[in-house]
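Residues per chain, in single letters:
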Amino acid sequence: MADIFIAGQGLVHATATVDYPRPERLVAGNPKRLTTSLYEHPNMSCGIWQCEVGAWRIVFASNKQEFFQLIKGTVRLHDAQGQFVEIHAGQAGIIPPGFIGMFEVLEPVEKYYVIVETTA
């Protein structure tokens, strides 16, 4: 039987990495991002992501998408046309395949994320 986990609990071997947006994508600030990977599979990963206030441009591959739910904080997800949605703690969002836009953190954020990649 495969291991089953409760999100945010129980993984002894969780790995955390720190990174910053690439300089050419920065729009505001230089936010520190902490990613704690809780599950890795060739076509899916999930975990907890934390980030300081700031904004940067994002470009998703046509075979990649992300579902996330905010635990705390507020973000704005802007599309290439300048429209945006604001997402608050307790709400969820989806970044679809091929999305081009900007990710803006208005308040320090913590979120659960699931990234899925297709092979086709």
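Undergrad: Help me out: how do you make sense of the pairing of strand β9 (residues 100-117) in this one?
TA: As a general feature of sheets, a regular strand has side chains that alternate between the two faces. Where strand β4 (residues 44-51) and β9 come together, 8 bridges link them in antiparallel fashion. Bridged to Q50 within β9 is E110. Note: strand β5 (residues 54-59) against β9, 6 bridges, orientation antiparallel. If you follow W56 over to β9, its bridge partner there is F103. Strand direction decides the pairing type here: strand β6 (residues 64-79) and β9, joined by 14 bridges, are antiparallel. What sits directly across from F68, in β9, is Y113.

Undergrad: What should I look at first to understand a nonpolar patch on the surface in this one?
TA: Taken together, Y39, M44 and V116 make up a surface patch of nonpolar side chains, about 210 Å² in accessible area. Examined against the element boundaries, M44 turns out to sit in strand β4. Accessibility expressed as a relative area gives 31% for M44, which makes it partly exposed.

Undergrad: How should I be thinking about the packing of aromatic side chains in this particular structure?
TA: The description of two aromatic rings rests on the distance between their centres and on the angle between their planes. Taken as a whole and judged by the stated rule, the model has 4 aromatic pairs. The interplanar angle of 90° and the centroid separation of 5.6 Å between the aromatic rings of W49 and F103 together place this pair among those described as edge-to-face. Placement of W49 in strand β4 and of F103 in strand β9 is noted, with a sequence separation of 54 residues between them. Exposure remark for F103: the relative accessible area of 3% places this residue in the buried category. Their ring planes at 35° and their centres at 5.5 Å tell us that W56 and F103 sit as a pair that is tilted. Of the two residues, W56 sits in strand β5 while F103 sits in strand β9, which places them 47 residues apart along the sequence. An identical accessibility class is assigned to W56 and F103; each is buried. Every member of this aromatic cluster is reached through a ring pair, and the members are W49, W56, F68 and F103. Here the guanidinium or amino end of R33 rests over the ring plane of W56, the centre of that ring lying 5.0 Å away. Above the plane of the ring of F68 lies K111, whose end atom (NZ or CZ) is 4.5 Å from the centre.

Undergrad: Looking at this structure, how should I read the nonpolar core?
TA: The tendency in soluble globular proteins is for nonpolar side chains to be buried as a group. I58, V75, I95 and F103 are the most contacted members of the largest nonpolar core, which has 17 residues in total. Broken down by secondary-structure element, the contributors of at least two residues to this core are β4, β5, β6 and β9. Excluding anything up to four places from it in sequence, I58 contacts R25, L77, I95, F99, I100, G101, M102 and F103.

Each value, and the rule that gives it
Residues numbered from 1 in each chain as written. Predicted model: local features only at pLDDT ≥ 70, side-chain atom pairs only at ≥ 80, totals over all residues. Heavy atoms only, no water. Pairing = 2+ DSSP bridges. Helix = DSSP H or I, 4+ residues; strand = E, 2+ residues; numbered from the N terminus. Patch = residues over 30% accessible without salt bridge, like charges linked within 9 Å, V, L, I, M, F, W, Y side chains within 5 Å. Areas by Shrake-Rupley, 256 points an atom, 1.4 Å probe, with all protein chains shown as cover. Salt bridge = Lys/Arg side-chain N within 4 Å of Asp/Glu carboxyl O. Buried < 20%, exposed > 50% of the residue type's maximum accessible area, 1.4 Å probe, protein only. Phe/Tyr/Trp six-rings, centres within 6.5 Å; stacked < 30°, edge-to-face > 60°. Lys NZ or Arg CZ within 6 Å of the ring centre and 35° of its normal. Core = buried A, V, L, I, M, F, W, Y, C linked by side-chain atoms within 4.5 Å. Contact = heavy atoms within 4.5 Å.

Shape descriptors only; they carry no functional weight alone.
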